[in-house]
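Residue strings, one per chain:
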Amino acid sequence: MIVGITGTIGAGKGTIVDYLVSQKGFLHFSVRDFLSEEIERRGLPVNRDTMVVVANDLRATHSPSYITDQLFERAMKSGKNVVIESIRAVGEIDSLRKHKDFILFAVDADIRKRYDRILLRQSATDNIDFETFVENEKREMTTTNPTKQNLSECIKKADYVFTNDKTIIDLQRDVERVLNSLSSL
């Protein structure tokens, strides 16, 4: 099984990944980690702005699905169930949909809750004020350019959408219910 995860900033993508890895034995492949490696290789600062620029450059130079195609190749070598986290472009989904075992999860939550969450995780890319957070999200939500982030369309293309406004346990239960329904198919 290949689970892709998309969603808004701070919604709980990493929480779903942690659950799939620790409780279900999935291997984790991260777009963020892939981009961080590329950014460091280029000698640039690792922050959200640089991630957006480098991701868009890779998609424009190679293909709209380049990043997740690279992660998919790595994942297939493992022979295990995998989760590819932080899918942000429609072309990435379209490419992954060519594989019969692909399922897309999306996660969203109230914007204030998401902002509070990113402050708590204290990532280098998340040390921003609320206004910057809102602007970053606006930039990533919609575009007609297939090489750029389009979270709203990615979320619309999801097979399952989770609203993460409650507890971590509630989100894990929701994911478990979906996994159980998939195994009964």
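Residues numbered from 1 in each chain as written. Predicted model: local features only at pLDDT ≥ 70, side-chain atom pairs only at ≥ 80, totals over all residues. Heavy atoms only, no water.

**Here we look at the overall build of the protein chain**
As a reminder, the rule being used: Numbering goes from the N terminus for both helices and strands, where a helix is a DSSP run of H or I of at least four residues and a strand is a run of E of at least two. For the radius of gyration, the atoms used are the C-alpha atoms, and the globule rule reads 2.2 Å times the number of residues raised to 0.38.
Within the protein chain one finds 9 helices and 5 strands. Each helix (α) and strand (β) of the protein chain, taken in turn from the N terminus, gives the series β-α-β-α-α-α-β-α-β-α-α-α-β-α. Here the C-alpha radius of gyration of the protein chain, 16 Å, is about what a compact globule of 185 residues would show, namely 16 Å. Reported as C-alpha extents along the three principal axes, the dimensions of the protein chain are approximately 45 × 35 × 30 Å.

**What about the sheet that holds strand β1 (residues 2-7)?**
By way of backbone hydrogen bonds, the strands of a sheet pair with one another, either parallel or antiparallel. Which entries qualify depends on this criterion: The pairing criterion for strands is at least two bridges between them, as found by DSSP. A fitted line through C-alpha atoms serves as each axis, taken over the contacting stretch for helices, and the angle formed by two N-to-C directions is quoted from 0 to 180°. Residues count as neighbours in contact if any of their non-hydrogen atoms are within 4.5 Å of one another.
Pairing is parallel in the open sheet, where 5 strands are placed in the order β2-β3-β1-β4-β5. Looking at which strands have only one partner, the edges of the open sheet turn out to be β2 (27-30) and β5 (160-163). Going from strand to strand, the sheet's axes swing by 25° on average, the running direction of each strand aside. The pairing of strand β4 (residues 102-108) with β5 spans 4 bridges and is parallel. From the neighbouring strand, F105 faces β5, where its bridge partner is Y160. Relative to β5, helix α9 (residues 168-183) is tilted by about 165°, and along the sheet it contacts β4 and β5.

**As for the nonpolar core**
To be explicit about the condition: Put simply, buried Ala, Val, Leu, Ile, Met, Phe, Trp, Tyr and Cys residues joined by side-chain atoms within 4.5 Å make one nonpolar core. The buried label goes to any residue with under 20% of its type's maximum accessible area, the exposed label to any with over 50%, and the partly exposed label to all in between, with areas taken from a 1.4 Å probe on protein chains only.
Counting residues in hydrophobic clusters, the biggest one holds 27 residues, and the most contacted among them are L35, L58, I67, L71, I84 and I87. Elements with a contribution of two residues or more to this core: α2 (31-41), α3 (48-61), α4 (66-78), β3 (82-85), α5 (90-96), β4 and α8 (151-156). Per element, the largest residue contribution to this core is 5 residues, and it comes from α4. When neighbours within four sequence positions are excluded, I67 is seen to be in contact with V31, F34, L35, A55, L58, R59 and E92. Ranked by size, the runner-up nonpolar core spans 18 residues in total, among them I103, V107, V175 and L179.

**Topic: the pairing of β3**
Alternating positions in β3 separate into two faces, V82 and I84 on one and V83 and E85 on the other, with burial throughout. Here β1 runs beside β3; their pairing, made up of 4 bridges, is parallel. Following the sheet pairing, G4 is matched in β3 by I84. Both β2 and β3 contribute to a ladder of 4 bridges, which runs parallel. When the bridges of β3 are listed, F29 appears paired with I84.

**Some points on the packing of aromatic side chains**
We count it as follows: Stacked, tilted and edge-to-face pairs are distinguished by plane angle, under 30 degrees for stacked and over 60 for edge-to-face with tilted covering the rest, among Phe, Tyr and Trp rings (Trp via its six-membered ring) whose centres lie within 6.5 Å. Look at NZ for Lys and CZ for Arg. If either is within 6 Å of the ring centre and within 35 degrees of the ring normal, a charge sits over the ring.
Tallying each qualifying case throughout the model produces 6 aromatic pairs. Where Y115 meets F130, the ring centres are 5.3 Å apart and the plane angle is 80°; that geometry is what we call edge-to-face. Taken together, the positions of Y115 in helix α6 (residues 111-121) and F130 in helix α7 (residues 130-141) put the pair 15 residues apart, joining distant regions of the chain. Among the residues examined, F130 registers a relative accessible area of 18% and is labelled buried. Taken together, the ring pairs in this structure connect F105, Y160 and F162 into an aromatic cluster. Directly above the ring of F130 sits R112, whose terminal nitrogen or CZ lies 3.7 Å from the centroid.

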